[in-house]
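Chain by chain, the residues run as shown.
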Amino acid sequence: MESGAVYRETTEPEATAPRRRPFGCTLRHLQGWRLPAKVVQAIFSFVAVLCEEIVDDCITCSGLYFFEFVSCSAFLLSLLILCVYCTDLYESLGETKVQKL
């Protein structure tokens, strides 16, 4: 016991933490044409929000308010989709929860 024969190295090596990318960015889940399509969708919805904000005066504004709601919602949802699919949040949530989302 004095020589330390009781204490041996473990049979399993210590697990190392997986190497993470900066900010968890990955393009693994948006491959091919899907990534450019989502980026173009975000750009177009942002341009729609900007075009709506340019209008200074309107006679009947109900249609303009509806367009503002739809374009702003589309922009925010497309950013959410990009954030979920292009970060580690996809693995954190799991595929079934992302599909429900």
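Residues numbered from 1 in each chain as written. Predicted model: local features only at pLDDT ≥ 70, side-chain atom pairs only at ≥ 80, totals over all residues. Heavy atoms only, no water.

By the naming in an unreviewed UniProt entry, the protein goes by CKLF6 protein and is assigned to Hylia prasina.

> Describe the overall build of the protein, naming the residues involved and giving the relevant values.
On a plain count of helices and strands, the protein comes out with four helices and zero strands. From first element to last, N terminus to C terminus, the protein shows the α and β order α-α-α-α. Residues counted as buried form 19% of the 101 residues belonging to the protein. Within the structure as shown, the protein displays about 8800 Å² of accessible surface, and the carbon and sulfur contribution to it stands at 64%. (Helix = DSSP H or I, 4+ residues; strand = E, 2+ residues; numbered from the N terminus. Buried < 20%, exposed > 50% of the residue type's maximum accessible area, 1.4 Å probe, protein only. Areas by Shrake-Rupley, 256 points an atom, 1.4 Å probe, with all protein chains shown as cover.)

> Which residues make up the UniProt feature "transmembrane region" (unreviewed entry) in the protein, and what values do they have?
The sites that carry the UniProt feature "transmembrane region" (unreviewed entry) are, in the present numbering, residues 64-87. Helix makes up 96% of residues 64-87 and strand makes up 0%, while its end C-alpha atoms are separated by 34 Å. (UniProt positions renumbered as here; feature names shortened; annotations may be inferred.)

> Lay out helix H2 (residues 62-86) with the relevant residues and their values.
Taking 1.5 Å per residue, 25 residues should reach 36 Å; H2 reaches 36 Å between its end C-alpha atoms and fits that length. What H2 keeps buried is the set Leu64, Ser71, Phe75, Ser78, Leu82, Val84, Tyr85 and Cys86. (Expected span 1.5 Å × (residues − 1).)

> So what about the packing of helix H1 (residues 34-54) against H2? Which residues, and what values?
A pair of packed helices is characterised by two quantities: the angle between their axes and the separation of those axes. One can describe the packing of H1 onto H2 by two numbers: an axis separation of 8 Å at closest approach and a directional angle of 150°. By the criterion of interaxial angle, the relationship of H1 to H2 is roughly antiparallel. Judged by the sense of rotation from one axis to the other, the crossing of H1 with H2 is left-handed. In this structure, H1 contributes Arg34, Leu35, Lys38, Val39, Gln41, Ala42, Ser45, Phe46, Ala48, Val49, Glu52 and Glu53 to the contact, and H2 contributes Leu64, Phe67, Glu68, Ser71, Cys72, Ala74, Phe75, Ser78, Ile81, Leu82, Tyr85 and Cys86. For the contact of H1 with H2, the per-class residue count stands at 15 nonpolar, four polar and five charged. (Axes fitted to C-alpha atoms, helices over the stretch in contact; angles between N-to-C directions. Parallel < 35°, antiparallel > 145°, perpendicular 65-115°, else oblique. Left-handed = near helix turned anticlockwise from the far one by under 90°. Contact = heavy atoms within 4.5 Å. Nonpolar A, V, L, I, M, F, W, Y, C, P; charged D, E, K, R; others polar.)

> So, the packing of aromatic side chains: which residues are in play, and what are the values?
Tallied over the entire structure, the rule returns one aromatic pair. Between Phe46 and Phe75, the aromatic rings sit 5.2 Å apart at their centres with planes inclined by 40°, giving tilted as the arrangement. Within this pair, whereas Phe46 is found in helix H1, its partner Phe75 is found in helix H2, the two being separated by 29 residues in sequence. In this structure, Arg34 is placed above the aromatic ring of Tyr85, and the distance from its NZ or CZ to the ring centre is 5.6 Å. (Phe/Tyr/Trp six-rings, centres within 6.5 Å; stacked < 30°, edge-to-face > 60°. Lys NZ or Arg CZ within 6 Å of the ring centre and 35° of its normal.)

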